[in-house]
Amino acid sequence: MEKVSVITGVAVPLERSNIDTDQIIPAVFLKRVTKTGFDDALFYGWRQDPEFVLNKEPFKAGSVLVAGPDFGTGSSREHAVWALRDYGFKAVLSARFGDIFRGNSGKQGLLAAQLAEADIEKIWALIDAQPGLEVTVDLPAKTVTAGALTVPFEIDDYTRWRLLEGLDDIGLTLRDEARITEFEGRRESWRPTTLPVK
Amino acid sequence: MTISDSPVHRGKTLAEKVWEDHLVVKGEDGTPDLIYIDLHLVHEVTSPQAFDGLRVAGRPVRRPDLTIATEDHNTPTAAIDKPIADLTSRTQIETLRRNAKEFGIRLHSLGDVEQGIVHVVGPQLGLTMPGITVVCGDSHTSTHGAFGAMAFGIGTSEVEHVMATQTLPLKAFKTMAITVEGELRPGVTAKDIILAVIAKISTGGGQGYVLEYRGSAIRSLSMEGRMTICNMSIEAGARAGMVAPDETTFEYLKGRPHAPEGDDWDAAVEYWKTLRTDDDAVFDAEVFLDANELEPFVTWGTNPGQGVSLSQPVPDPSVIIDPNERAAAERALEYMALEAGTPMKDIAVDTVFIGSCTNSRIEDLRAAADIVRGRTKAENVRVMVVPGSARVRIEAEAEGLDKVFKDFGADWRFAGCSMCLGMNPDQLEPGERCASTSNRNFEGRQGKGGRTHLVSPLVAAATAVRGTLSSPWDLAIDDARLVNAGPSTGSGNGGI
Ligand code: SF4
């Protein structure tokens, strides 16, 4: 996984709340068996509308999504994160995230930054006044800067550290393999196994 | 933790107990805990990239004996002996078959007697049991919490992580008690409880929490009813839902293929009986609901929190104070093509779908069959009944339920996710309106442009009879028939 540090890019306002993962990527695209190439599927339903923000300049080339509260709720599909990443988004800013979406983002190097709702609205206003505005999301400093405005964001320390170091989860866990084996030795025999019965 | 660490010594919640029993490594300084996973359920949609990741890294599946796979999301529910017509669906299924073989994982394929929706298959085999941790690359894994298991949905990276290590690094969840006291009226079911809970706390209200459902109304539910409730915990934003195990749980489990036997059974039950929230435990949040007041419930919008009692009209967005929610409600009504003030019961539907991991178990089918028995469906309504697993289908046929549904005019299908999501051939046409026993009414969830009203199997059945959204109370049905169809008696199962 690539290291994440300071991200600067065109901010894309998505002024809706409760954007669930079905809207980020409809179920029909989940049939693919690859882990990349989902850029065409991002917000597929909404992108059919020429007025949708990603169909308009200068937002087409955006890399920082500024969304309403409760972004990424609903289904656990990690494809939502792949689609955002493949499209070119590096960070999503919102006042609240769906838990699974937030977890998935951290694992794929997509920065899910939680801002105060009032700050999101300020950034929307700034973009409104200056479409194409570039914002800077500074992970070491945990701040977002848009024009003259600098506001803090929240991210849990562990995810932040892993993003900064670009660390792969499985490798980290396997450092504790001896303890996993030891735990397995203590498991009670009534616990289920899936081996066929009879 | 020693007692002196905290000023007030307090007991533990059910969730905390299960969590602590699975600690492999306790996290320090903000690092997550490493939690052992007892059971990993796999299906075709969220697994291919995980298997791919293992292959790239040259890693095996650590515990194939704690892993089981089934085909459900993409499978057709008719003509299942023919090759799957949709090429991408077929590729996904064939990829799972190849991966299961290569990595040595037990798989129940289309046509197999144990095939079905992953969340129906686990409990039915007796794999889901109290005090275990269950994960699956599917948000409705929360279903399994009905047994007092800690069960939650994970993303594909986590699927790969569990395959490789049989553990997950996780931060402890907060706990929320949802207490439902009282007695449900005949015709009101577990589905109405959970729809009312979500309407009350909203789709974000459970975020970061494990919900523990408690109170007399929950205790009197069958396992099927408890699964329906836990299933939809995710629709309130929660990671998981749980119900403390009791005699109902043990009764359901005993004798199932994977349930413990002999001394193991005794040891397990002894432990399971300790799995309840201590009287002096403290929840991070609490919610109360009065079961006596509940009526059959229905959603009017495009998220599961947008629901009302069936006796109510479509709500008026202009009275909603929160601007975001008001805008969401306005957009929802536009998508749903509904006018504020229209009585919910005047809304005509095109399709009725009885199925999905929320409501496709044998008890759900019995409840619906009790309503439609001896009746004929409304003329312009298409009615689909889709058992959750091949086993449920066989059981239903042995009881003659297939005949009840067919005589009614319904389409009796093979097992799978079916019309719950637009991924297999069972889909709504654009603009079509559906009363559905599934769990999500998102825009386009059941097919592009489709409009979904979430309901209980009883409401679905009554709606199929009348052609408009209907409560079983709208039919001339004596209470006895409703009680039999209701949740608290074990539904013709001989009671508890
Ligand atoms: S029935 Fe629906 S909610 Fe359940 S697993 Fe299948 S697609 Fe998901």
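Rules and cut-offs
- Residues numbered from 1 in each chain as written.
- Chains lettered and ligands numbered in written order.
- Predicted model: local features only at pLDDT ≥ 70, side-chain atom pairs only at ≥ 80, totals over all residues.
- Heavy atoms only, no water.
- Axes fitted to C-alpha atoms, helices over the stretch in contact; angles between N-to-C directions.
- Helix = DSSP H or I, 4+ residues; strand = E, 2+ residues; numbered from the N terminus.
- Parallel < 35°, antiparallel > 145°, perpendicular 65-115°, else oblique.
- Left-handed = near helix turned anticlockwise from the far one by under 90°.
- Contact = heavy atoms within 4.5 Å.
- Nonpolar A, V, L, I, M, F, W, Y, C, P; charged D, E, K, R; others polar.
- Salt bridge = Lys/Arg side-chain N within 4 Å of Asp/Glu carboxyl O.
- Buried area = accessible area lost by both parts, 1.4 Å probe.
- Polar contact = N/O pair within 3.5 Å; in protein donor to acceptor, adjacent residues only side chain to side chain.
- UniProt positions renumbered as here; feature names shortened; annotations may be inferred.
- Buried < 20%, exposed > 50% of the residue type's maximum accessible area, 1.4 Å probe, protein only.
- Domains from an automatic or database assignment.
- Phe/Tyr/Trp six-rings, centres within 6.5 Å; stacked < 30°, edge-to-face > 60°.
- Lys NZ or Arg CZ within 6 Å of the ring centre and 35° of its normal.

1. Describing the packing of helix H2 (residues 48-57) of chain B against helix H3 (residues 87-103) of chain B
For any two helices packed against each other, the geometry is given by the interaxial angle and the distance between the axes.
Residue and element names in this part refer to chain B.
Move 1: Packing of H2 against H3 leaves a shortest axis separation of 10 Å and a crossing angle of 40°. As far as their axial angle goes, H3 and H2 are oblique. With respect to the hand of their crossing, H2 and H3 are arranged in left-handed fashion. Between H2, through Pro-48, Phe-51, Leu-54 and Arg-55, and H3, the contact on the second element is made entirely by Thr-95, Leu-96, Asn-99, Glu-102 and Phe-103.
Move 2: Split by residue class, the contact of H2 with H3 holds 5 nonpolar, 2 polar and 2 charged.

2. Some thoughts on the pattern of salt bridges
Move 1: Considering all chains together, one arrives at 42 salt bridges over all chains under this definition.
Move 2: Residue Asp246(B) is joined to Arg219(B) by a salt bridge in which the shortest nitrogen-to-oxygen separation is 2.9 Å. Remark: Arg219(B) occurs in helix H7 (residues 216-219) and Asp246(B) occurs in the loop between strand E11 (240-242) and helix H9 (247-253); sequence separation between them is 27 residues.
Move 3: Ionic pairing is found between Lys403(B) and Asp407(B), a salt bridge with its closest N-O pair at 3.0 Å. Of this pair, Lys403(B) and Asp407(B) are both found in helix H14 (residues 401-408), 4 residues apart, which corresponds to roughly one turn of the helix.
Move 4: Via salt bridges that share partners, Glu177(A), Glu184(A), Arg62(B), Arg63(B) and Asp65(B) belong to a single interconnected network.

3. Some details on the interface of chain B and chain A
Move 1: The interface of chain B with chain A comprises 79 residues on the first partner and 60 residues on the second.
Move 2: Both faces combined, the contact of chain B with chain A buries some 5,500 Å², and carbon together with sulfur accounts for 55% of it.
Move 3: Of all residues in chain B, the largest losses of buried area upon contact with chain A belong to Gln49(B), Arg62(B) and Gln207(B), amounting jointly to 11% of the total for that side.
Move 4: Run the count over chain B and chain A and you get 7 salt bridges.
Move 5: Between Asp38(B) and Arg191(A) there is a salt bridge, and its shortest N-O distance comes to 3.1 Å.
Move 6: Applying the counting criterion to the chain B and chain A interface returns 26 residue pairs in polar contact (both at pLDDT 80 or more).
Move 7: Sorting elements by how many residues they give to the side of chain B that touches chain A places helix H5 (residues 156-165) of chain B first, with 7 residues.
Move 8: Taken together, the residues of the side of chain B that touches chain A sort by class into 30 nonpolar, 31 polar and 18 charged.

4. Structural notes on the UniProt feature "domain: Aconitase A/isopropylmalate dehydratase small subunit swivel" (unreviewed entry) in chain A
Move 1: Summarizing the sequence annotation, UniProt attributes the feature "domain: Aconitase A/isopropylmalate dehydratase small subunit swivel" (unreviewed entry) to residues 1-117 of chain A in the numbering used throughout.
Move 2: Annotated as 24% helix and 18% strand, the span residues 1-117 of chain A places its first and last C-alpha atoms 30 Å apart.

5. Some remarks on the UniProt feature "binding site: [4Fe-4S] cluster" (unreviewed entry) in chain B
All names here are of chain B.
Move 1: In this structure's numbering, the residues bearing the UniProt feature "binding site: [4Fe-4S] cluster" (unreviewed entry) are Cys-357, Cys-417 and Cys-420. In three dimensions, the annotated residues from a span of 64 residues occupy one location, with a maximal C-alpha spread of 8.7 Å.
Move 2: Secondary-structure assignment places Cys-417 in the loop between strand E17 (411-412) and strand E18 (433-436).
Move 3: Mapped onto the secondary structure, Cys-420 falls in the loop between E17 and E18.
Move 4: Among the residues examined, Cys-420 registers a relative accessible area of 6% and is labelled buried.

6. A short note on the domain arrangement of chain B
Residue and element names in this part refer to chain B.
Move 1: Along its sequence, chain B is carved into domain 1 (14-261 + 271-290) and domain 2 (296-482).
Move 2: Taking only C-alpha atoms into account, the centre of domain 1 sits 24 Å from that of domain 2.
Move 3: Taking both sides of the interface into account, the surface hidden between domain 1 and domain 2 amounts to around 3,600 Å²; carbon and sulfur atoms contribute 61%.
Move 4: The tally of links between domain 1 and domain 2 comes to 2 salt bridges.
Move 5: Here domain 1 is connected to domain 2 by 26 residue pairs in polar contact (both at pLDDT 80 or more).
Move 6: For the side of domain 1 that touches domain 2, the secondary structure elements donating two or more residues are H3, helix H4 (118-125), helix H6 (190-201) and helix H8 (223-231).
Move 7: For the side of domain 1 that touches domain 2, the element with the highest residue contribution is H6, accounting for 6 residues.
Move 8: Broken down by class, the residue content of the side of domain 1 that touches domain 2 amounts to 17 nonpolar, 20 polar and 8 charged.

7. Details of the packing of aromatic side chains
Move 1: Within this structure, the stated rule accounts for 20 aromatic pairs over all chains.
Move 2: The interplanar angle of 35° and the centroid separation of 5.6 Å between the aromatic rings of Trp190(A) and Tyr271(B) together place this pair among those described as tilted. With Trp190(A) in the segment after helix H8 (177-186) and Tyr271(B) in helix H10 (residues 262-272), the pair connects residues from two separate chains.
Move 3: Between Trp190(A) and Trp272(B), the aromatic rings sit 5.6 Å apart at their centres with planes inclined by 85°, giving edge-to-face as the arrangement. Within this pair, whereas Trp190(A) is found in the segment after H8, its partner Trp272(B) is found in helix H10, the two belonging to separate chains. In this pair, the class of Trp190(A) matches that of Trp272(B), namely buried.
Move 4: Site record: aromatic cluster; members linked through ring pairs are Trp190(A), Phe250(B), Trp265(B), Tyr271(B) and Trp272(B).
Move 5: The ring of Tyr209(B) has Lys174(B) lying over it, and the distance from NZ or CZ to the ring centre is 4.5 Å.

8. Notes on the packing of H2(B) against H5(B)
Residues and elements named next belong to chain B.
Move 1: It is the contact of H2 with H5, at a shortest axis distance of 8 Å, that shows an interaxial angle of 50°. As far as their axial angle goes, H5 and H2 are oblique. Crossing handedness for the pair H2 and H5: right-handed. Note on element contacts: H5 touches H2 through Thr-156, Val-159, Glu-160, Met-163 and Ala-164, opposite Gln-49, Ala-50, Phe-51, Gly-53 and Leu-54.
Move 2: The class makeup of the residues in the contact of H2 with H5 is 6 nonpolar, 3 polar and 1 charged.

9. Some details on the environment of Glu114(B)
All names here are of chain B.
Move 1: Within the element layout of this structure, Glu-114 appears in the loop between strand E5 (106-108) and H4.
Move 2: With 10 residues separating them in the primary sequence, Glu-114 and Gln-124 have C-alpha atoms 8.9 Å apart.
Move 3: When sequence neighbours within four positions are dropped, the list of residues in contact with Glu-114 reads His-108, Val-121, Gln-124, Leu-125 and Arg-391.
Move 4: Side-chain polar atoms of Glu-114 contact the side chain of Gln-124, separated by 3.4 Å.

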